[in-house]
Amino acid sequence: MKFISWNIDSLNAALTSDSNRAVMSRDVLKTIIIEDADVICLQETKLPRTGPSKKHHKILEEYFPSYDYAWVSSQEPARKSYAGCLTLYKKNLQTKITFPVLDAPDTMDQEARIITLEFENFYLTQVYTPNAGNGLNRLELRQIWDEKFANYLENLDKNKAVIACGDFNVAHKEIDLKHPENNHESAGFTDEERNGFTNLLNKGFVDTFRHIHGDVEGKYTWWAQRVKTSKINNSGWRIDYFIVSDRIKDKIKESNMIDSGDRQDHTPIYLSIDI
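Quick caveat: nothing in here was measured; it's all calculated off a predicted structure.

> Looking at this structure, I do not really get unusual backbone geometry. What am I missing?
What is expected of a backbone is that most residues other than glycine have negative phi and most peptide bonds are trans. Glu-76 connects to Pro-77 through a cis peptide bond whose omega is 10°. One non-glycine residue with positive phi stands out, namely Asn-234, at about 50°. Tracing the backbone through its elements, the reader meets Asn-234 in the loop between β10 (222–223) and β11 (240–245). Of the residues examined, Asn-234 reaches a relative accessible area of 26% and is grouped as partly exposed. Backbone geometry at Asp-265 places phi at a positive 80°, although glycine is not the residue there. With respect to the helices, strands and loops of the structure, Asp-265 is situated in strand β13 (residues 265–266).

Below you can see the structure in the form of structure tokens.
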């Protein structure tokens, strides 16, 4: 099976806006369609509280006629049209869909950050992990989230193998970003966040990209939009992952990035696995 994950940073804009960035996002969606994945996980959809509008549904049907989809949008007291996830899955797949609540702090449980699909032999969950924020103002809350999400995956793993994907908002190792020396106090590369990811892996999971590609450097999934030359100079971070239960790591065929052209911000990632 093939799985794709992408922090699209506004599915709403990609489907309805005519801005240059929205056009580039649609080009990436067309690239994803060609990949013909079994499941496509999108984070940071920024859809309304009521979910996709009639216009959204119409365009999604045009783009993805062979897929059904599940979505979750932010609810009060979380910010309107904030975060959000949408999972597309081939119509021939039999799955049970849940929207887990972690008992996380602040408004994190209302920010629409997780969708889990249960298949016969495994779980697939996508996550949009909370950012530690400007000035690391949400770092302590983020640490609680990391612990609760790790425990959630560990409990799933007791029943069936797990595939977890999404924007984890952390560069785990120094080789996962271009300039580690300048970023030890930056959101996404603090010791606390990196330790949180290590703790998750230590519960019986594998970073599929590193499992396949070892310590290769210069492979990233995110380039800052505000720095015009970030992608040209490949000054990026690897913060998007597919992780799987350790016991199915030998079934991994490939785990890599999908080229998003000139579009900065996140690029899609994919996992091919015999499962």
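Following the structure, the description resumes.
> I'm lost on helix α2 (residues 20–35) in this one. Help?
Structural remark: α-helix, 3.6 residues per turn; residues separated by three or four positions point the same way. The end-to-end C-alpha separation of α2 is 24 Å, in line with the 22 Å expected for 16 residues at 1.5 Å each. By the burial criterion, the buried members of α2 are Ala-22, Ser-25, Arg-26, Val-28, Leu-29 and Ile-32. When α2 is viewed along its axis, its buried side chains cluster within an angular range of 160° and face the same direction. Across from the buried face of α2, at angles greater than 90 degrees, the exposed residues are Asn-20 and Ile-34. Along its buried surface, α2 packs onto β1 (2–7), α1 (11–16), β2 (39–43) and α3 (54–63). Positive backbone phi, approximately 55°, marks Asp-36, located one or two places after α2.

> Mind showing me how you'd approach the UniProt feature "binding site: Mg(2+)" (unreviewed entry) in the protein chain here?
Annotation from UniProt places "binding site: Mg(2+)" (unreviewed entry) at Asn-7, Glu-44, Asp-167, Asn-169, Asp-265 and His-266. Spatially, the listed residues are clustered: although they cover 260 residues, their C-alpha atoms lie within 12.4 Å of one another. As for the annotated residues named above, the ones lining the largest pocket are Asn-7, Glu-44, Asp-167, Asn-169, Asp-265 and His-266. Inspection of the secondary structure assignment puts Asp-167 in strand β8 (residues 161–167). Residue class for Asp-167 comes out buried when judged on its relative accessible area of 1%. Those residues in contact with Asp-167 that lie beyond four places of it in its chain are Asn-7, Gln-43, Val-127, Tyr-128, Thr-129, Ile-239, Asp-240 and His-266. Among the polar contacts made by the side chain of Asp-167, one reaches the side chain of Asn-7 at a distance of 2.9 Å. On the secondary structure map, His-266 appears in strand β13. Take His-266: its relative accessible area is 4%, and that puts it in the buried class. Excluding anything up to four places from it in sequence, His-266 contacts Trp-6, Asn-7, Asp-167, Thr-221, Trp-222, Ile-239, Asp-240 and Ser-260. For His-266, the side chain forms a polar contact with the side chain of Asp-240, separated by 2.9 Å.

> Can you help me understand the side chain of Gln-126 in this one?
Note on placement: Gln-126 falls in strand β7 (residues 122–128). Residue classification places Gln-126 among the buried positions, given a relative accessible area of 1%. At 3.1 Å, the side chain of Gln-126 and the backbone oxygen of Leu-86 are in polar contact. The residues contacting Gln-126, other than those within four sequence positions of it, are Cys-41, Leu-42, Gln-43, Cys-85, Leu-86, Thr-87, Arg-113, Ile-114, Ile-115 and Cys-165.

> Where do I start with the environment of Ala-161 in this structure?
Residue position: Ala-161 is located in strand β8. Assessed through its relative accessible area of 7%, Ala-161 is described here as buried. Sequence separation of Ala-161 and Arg-238 is 77 residues, and the distance between their C-alpha atoms is 24 Å. Setting aside residues no more than four positions away along its own chain, Ala-161 makes contact with Asn-121, Phe-122, Tyr-123, Ser-245, Arg-247 and Ile-248.

> Would you take a moment to explain the sheet that holds β2 for this structure?
In a beta sheet, neighbouring strands are held together by backbone hydrogen bonds and run either parallel or antiparallel to one another. On the basis of which strands lie adjacent, the open sheet formed by six strands has the order β3-β4-β2-β1-β14-β12 and mixed pairing. Each of the sheet's edge strands pairs with one partner strand only, and the pair in question is β3 (67–72) and β12 (252–257). Across this sheet, the average inter-strand angle for adjacent strands is 10°, counted without regard to direction. Taken together, the five bridges between β1 and β2 define a ladder with parallel strand orientation. Among the inter-strand pairings, Ile-4 is bridged to a residue of β2, identified as Ile-40. α2 contacts β1 and β2 of the sheet and is inclined by roughly 170° relative to β1.

> I tried to follow the sheet that holds strand β6 (residues 114–118) on my own but got confused; where do I start?
Read across the sheet, six strands follow the order β5-β6-β7-β8-β11-β9 without closing on themselves; strand pairing throughout is mixed. The sheet is open, and its two edges are formed by β5 (96–98) and β9 (205–207), each paired on a single side. Taking the axes of each pair of neighbouring strands and ignoring which way they run, one obtains an average angle of 20° across the sheet. Helix-sheet contacts for helix α4 (residues 139–157) involve β6, β7, β8, β9 and β11, and the interaxial angle to β7 is about 170°.

Rules of the game
- Residues numbered from 1 in each chain as written.
- Predicted model: local features only at pLDDT ≥ 70, side-chain atom pairs only at ≥ 80, totals over all residues.
- Heavy atoms only, no water.
- Helix = DSSP H or I, 4+ residues; strand = E, 2+ residues; numbered from the N terminus.
- Buried < 20%, exposed > 50% of the residue type's maximum accessible area, 1.4 Å probe, protein only.
- Expected span 1.5 Å × (residues − 1).
- Arc of directions from axis to C-beta.
- Contact = heavy atoms within 4.5 Å.
- UniProt positions renumbered as here; feature names shortened; annotations may be inferred.
- 1 Å grid on protein atoms, 1.4 Å probe; cavity = no way out; pocket = protein on both sides within 12 Å on 5 of 7 lines; lining within 4 Å.
- Polar contact = N/O pair within 3.5 Å; in protein donor to acceptor, adjacent residues only side chain to side chain.
- Pairing = 2+ DSSP bridges.
- Axes fitted to C-alpha atoms, helices over the stretch in contact; angles between N-to-C directions.

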